[in-house]
Amino acid sequence: MNASPRSALHQSLPSLLALAATLLAALAVLPGCLGVLKFTYRIAATPAGAWFMYVGAIPIYIAATIMLAVALILARRSGVPWLVPGLAAASYAGVSLFGFFMHTGFMFRPVAQPDYVTFDAAIARFGPKEPVVGVLDSRGMPYAYVARLARRPHIVQQPEGHVPFMMSHCIHANSSMAYAVEPGAPSPRISISSVIANNLVFYDHGRHRTVQQIYNCAIDGRDQLPILPSVTTTLAAWRSLYPDSRVWVRPVEWRDTFYVKFLARGSVIDPSSPDLVYPLQRPADLRLALKSSVMGVQFGPTARAYPAEALAGARVTEEEIDGQPVVFLASEDGAFIQLLSRRRPDGQGVLRFKLAADARTFLDEETNSTWDAAGRCHAGPLRGAQLAAIPHYSRIFWCVWADFFPHTSVFGQNR
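Residues numbered from 1 in each chain as written. Predicted model: local features only at pLDDT ≥ 70, side-chain atom pairs only at ≥ 80, totals over all residues. Heavy atoms only, no water.

1. Comments concerning a nonpolar patch on the surface
Part 1 of the argument: Judged by side-chain polarity, Leu-19, Leu-83, Val-84 and Leu-87 come together as a nonpolar surface patch covering roughly 360 Å² of accessible area.
Part 2 of the argument: Top contributing element to the nonpolar patch by residue count: helix 4 (residues 83-102), with three residues.
Part 3 of the argument: In this fold, Val-84 is placed in helix 4. (Patch = residues over 30% accessible without salt bridge, like charges linked within 9 Å, V, L, I, M, F, W, Y side chains within 5 Å. Areas by Shrake-Rupley, 256 points an atom, 1.4 Å probe, with all protein chains shown as cover. Salt bridge = Lys/Arg side-chain N within 4 Å of Asp/Glu carboxyl O. Helix = DSSP H or I, 4+ residues; strand = E, 2+ residues; numbered from the N terminus.)

Printed below as a string of structure tokens:
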């Protein structure tokens, strides 16, 4: 005798609920997972997409868990075959494990309480030529961040003192930038949400906005973030100029090796490799080699790229960008290159620079005062003065800079 439709539905209900629970769990957790983000990155870069990844997915996942529990209870009570509910439960477990370990919230949790060590300790661990991101806070206090440790989790917050900030580093673009946090305000809750054309996008939970690192503003073009001067250099070069700087380090974790070798791919950080994880937005600009290190500078509508190799060789490179008189000063070994305003700190005109006879320091032609590569005057009429450091993207990959600023000019080229 054939089973009634109601009886058939009763028999199939546990399987249907289990399958639905697995699909709901996948919908909740997979959009925010590495690997899947290569297909959902544009949605994840929107405020709504980022909110779903970190907030909206939670009740959906809870509902999926409840549905699966109900399905398994019904299957046990009704005596239906366990094949479909069992496979669905196994799939749910697999999705959950993958979603936990591969979710950006787990892989890239920002460092909220950084640990700092002395230069001696850092150099003993990494060596003097280890790349670091040097940051000057709004009062000129120096901090150094070991770049290889910042590749994951991308964001390190510096909440201490009266001038807190957060440092961001994108492995895909070799780009770093520091953002000032309003004094007295709580540290912003930041999460990594996406990568657009090999540049970091992060989500500000408090203001419900996604921020494109290279533009230093919300992805819709509003809410410009206050940026701080930062340079990519070496431990030894930073120490020679800022011996009192604090150096951020952290223990190396399995996630670091896993991320660089299997997800971001180690070749991504190799300047000689053409490998990119995400597609560019437009055809590659062939004016420079794909991953040439450039200093990306923007004043108003004007964007200009300065090859780091050319600046290091010249030692002194004076320019005027959108009416702003600036100079790049490079250390003797070229490891440290800083962009500075040429306006005198006392407001009495503009300075011009040349390399001093000792080949380590610099002289201004107006007062013959002696300056270091960080823009500090050590001797002469302007002794004690400090040139204003100008925030820019230090040693960013050319292909990423040109992709976001297609009308950029290149120092030393006619167009």
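Next comes the rest of the write-up.
2. Details of the layout of surface pockets
Part 1 of the argument: For the largest pocket, the calculated volume is near 460 Å³.
Part 2 of the argument: Together, 21 residues line the largest pocket, and Met-53, Tyr-54, His-103, Gly-105 and Phe-106 are the ones closest to its centre.
Part 3 of the argument: Those elements giving two or more residues to the lining of the largest pocket turn out to be helix 1 (5-29), helix 3 (47-78), helix 4, helix 5 (104-107) and strand 7 (190-196).
Part 4 of the argument: At five residues, helix 3 tops the list of elements feeding residues into the lining of the largest pocket.
Part 5 of the argument: When its volume is computed, the second largest pocket comes out at roughly 390 Å³.
Part 6 of the argument: Forming the boundary of the second largest pocket are 21 residues, of which Val-181, Pro-188, Asp-204, Arg-207 and Arg-209 lie nearest the centre.
Part 7 of the argument: Looking at the lining of the second largest pocket, the elements with two or more residues in it are strand 6 (175-180), strand 8 (199-204) and strand 9 (209-212).
Part 8 of the argument: Across the lining of the second largest pocket, the residue classes break down as 12 nonpolar, three polar and six charged. (1 Å grid on protein atoms, 1.4 Å probe; cavity = no way out; pocket = protein on both sides within 12 Å on 5 of 7 lines; lining within 4 Å. Points joined across faces, edges and corners; volume = space filled by probe spheres on them. Nonpolar A, V, L, I, M, F, W, Y, C, P; charged D, E, K, R; others polar.)

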